[in-house]
Amino acid sequence: MLFTKMKIAQVAPLYESVPPKCYGGTERVVSYLTEALVEMGHNVTLYASGDSVTQAELRSCSGQSLRLDKKSIDPIANHICMIERVFQESSEFEMIHSHIDYLPFPLWRRMSTPRVTTLHGRQDIPDLQNVYREFRDEPLISVSDYQRRPLSWANWRRTIFHGLPDDLYSFHDKPGAYLAFLGRISPEKRVDLAIEIAQRAGIPIKIAAKVDKADTEYYQTIKHLLDGENVEYIGEIGDSDKDEFLGNALGLLFPINWPEPFGLVMIEAMACGTPVIACPFGSVPELIEDGATGFIIHDADEAVEAVKKIPRLSRKRCRHTFEQRFTASRMARDYVEAYQQLIAAQVGSVAAAL
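Described below are features of the structure shown in this document. Note that the structure is a prediction, hence the values are computed from the model and not measured.

### A short note on the overall build of the chain
1) Next: Tallying secondary structure elements over the chain gives 13 helices and 13 strands in all.
2) Next: The C-alpha radius of gyration of the chain comes to 21 Å, within 12% of the 20 Å expected for a compact globule of 354 residues.
3) Next: When its C-alpha atoms are laid out on the principal axes, the chain stretches across 70 × 45 × 35 Å.
4) Next: Across the 354 residues that make up the chain, the buried fraction comes to 55%.
5) Next: For the chain, contacts bridging at least 24 residues in sequence account for 66% of all contacts bridging at least 6.
6) Next: Of the roughly 15300 Å² of accessible surface on the chain, 50% is carried by carbon and sulfur atoms.
7) Next: On the chain, the mean spot of the 39 positive side-chain charges and the mean spot of the 48 negative ones are 2 Å from each other.

Next comes the structure, spelled out in structure tokens:
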């Protein structure tokens, strides 16, 4: 079943705007997908916070992003209202694509409109087992094959890698003389290890990262490492600053110690032509080609040696890999194919029941 034009609802988290002003991986991906679908000619409605910006029809479900709203005490309340609204308006659409995890499943199960949920986070939390067993009928999309492992029996339909607009970041052929760290200052992101690697390699490091309230205690333990000279802490940055920050870096350090579901910063770096040095957890081996677009390392010693070998890598190869595998247009085409398969399956199921 082919559709030249579909009516699609995208349901985004309300914690950040779409796109986010600064940090916010899920909302950023929702934005890239929504705009790419609109460019393809689809009729897209975006359920998101009121300060979101989109070419699609925006249906505001909160006055502003909840992280920036000092009056927001219980953000789940806004999401419950949004879910009910989508349910009531579901007959307008041919496909509803949710990005808010399992929260809407009780209503989604009772909805006749075809739908799918992309899971953006880690799935190795024990409490999730019962939820996904109960709602095993809900179709899911993973953002990496590794992300599926804890719930390998769930209703996965396919894996679709994230993508970025191909003109969002420019190719930087000549790197600067510093290493970059971009993301969150948290135990699982290991900014402390990134600093150690840079110091042992004798190369300055620039850190662009946010500090969540939950990570304040960890931040206090590593704050003394941010000396302002060879370790420069820039703070939280948005898309407008990433091109120069990543593009002028010798390499991106990504020494995580948790099961990263995707890791958007890795493809952001590749889009600029910047190689990635990363630990082999989560999605990393699926995104980084060891010895080509970066190096996969197991400890600080290997990382220091990898930094020395960065000049051997082709920055053009990094950019080419991005263009082949990680653009928003490719992501949107993959999702449209998934939508069509899900709609066709539902039509076939209804016909068989008659």
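### Quick word on helix α8 (residues 239-247)
1) Next: Residues of α8 that are buried include every one of Lys242, Asp243, Phe245, Leu246 and Gly247, and no others.
2) Next: On its buried side, α8 packs onto α1 (25-39), β8 (179-184), β9 (205-210), β11 (251-254), α9 (264-271) and α12 (315-325).

### Concerning unusual backbone geometry
1) Next: For the bond from Val18 to Pro19, the omega torsion is 0 degrees, close enough to zero to count as cis.
2) Next: Tracing the backbone through its elements, the reader meets Pro19 in the loop between β1 (7-11) and α1.
3) Next: Of note, Asp101 is a non-glycine position whose phi angle comes to about 60 degrees, a positive value.
4) Next: Topologically, Asp101 is positioned in the loop between β4 (95-98) and α3 (105-108).
5) Next: A relative accessible area of 33% places Asp101 in the partly exposed class.
6) Next: One non-glycine residue, Arg190, lies in the positive phi region at around 55 degrees.

### Remarks on the sheet that holds strand β12 (residues 276-278)
1) Next: Taken in spatial order, the six strands line up as β10-β9-β8-β11-β12-β13 in an open sheet, and their pairing is parallel. Every interior strand has two partners, whereas the edge strands, β10 (231-233) and β13 (294-296), have only one. Shown here is a sheet whose adjacent strand axes are inclined to one another by a mean of 20 degrees, direction ignored.
2) Next: Inspection of the sheet shows β12 paired to β13 by three bridges, in the parallel sense.

### Details of the packing of α9 against α12
1) Next: It is the contact of α9 with α12, at a shortest axis distance of 7 Å, that shows an interaxial angle of 120 degrees. Relative to α12, the element α9 is oriented oblique. Taken together, the residues of α12 that come into contact with α9 (itself represented by Ile267, Met270 and Ala271) are Cys318, Arg319, Thr321 and Phe322.
2) Next: Along the lines of polarity and charge, the residues of the contact of α9 with α12 split into five nonpolar, one polar and one charged.

### So, the sheet that holds β1
1) Next: Taken together, the seven strands give an open sheet; going across it, the order is β3-β2-β1-β4-β5-β6-β7, and neighbouring strands pair in parallel fashion. Whereas interior strands pair on both sides, the edge strands pair on one side only; in this sheet they are β3 (57-60) and β7 (156-159). Averaged over all adjacent pairs, the angle separating strand axes in this sheet is 25 degrees, with direction ignored.
2) Next: The pairing of strand β6 (residues 140-142) with β7 spans three bridges and is parallel.

Rules of the game
- Residue positions are given per chain, counted from 1 along the sequence in the order it is written.
- Local features in this predicted model are restricted to residues whose pLDDT is 70 or higher, and side-chain atom pairs enter the listing and the counts only when it is 80 or higher, whereas totals over whole chains, interfaces and linings include all residues.
- Side-chain measures were taken over the full set of non-hydrogen atoms in the model, leaving aside hydrogen atoms and water.
- Secondary structure elements follow DSSP: runs of H or I of four or more residues count as helices, runs of E of two or more count as strands, with numbering from the N terminus.
- In this setup the radius of gyration rests on C-alpha atoms only. A globule is expected at 2.2 Å times the number of residues raised to 0.38.
- Relative accessibility decides the category of a residue: with a 1.4 Å probe and only protein chains considered, values under 20% of the type maximum give buried, values over 50% give exposed, and everything between is partly exposed.
- In what follows, residue pairs with any heavy atoms lying within 4.5 Å of each other are defined as contacts.
- For the area figures, the Shrake-Rupley method with a 1.4 Å probe applies, and any residue is considered shielded solely by the protein chains shown.
- Charged residues are defined narrowly, with Lys and Arg counted positive, Asp and Glu counted negative, and His plus the chain ends left uncounted.
- By convention, charge coordinates are those of NZ in Lys, CZ in Arg, CG in Asp, or CD in Glu.
- The pairing criterion for strands is at least two bridges between them, as found by DSSP.
- All axes are obtained by fitting lines to C-alpha atoms, using only the stretch in contact for helices, and the reported angles, taken between N-to-C directions, cover 0 to 180 degrees.
- Throughout, the term roughly parallel applies to angles under 35 degrees, roughly antiparallel to angles over 145, roughly perpendicular to angles from 65 to 115, and oblique to all others.
- By the convention adopted, Pro, Cys, Tyr, Trp, Phe, Met, Ile, Leu, Val and Ala count as nonpolar, Lys, Arg, Asp and Glu as charged, and the other residues, Gly among them, as polar.

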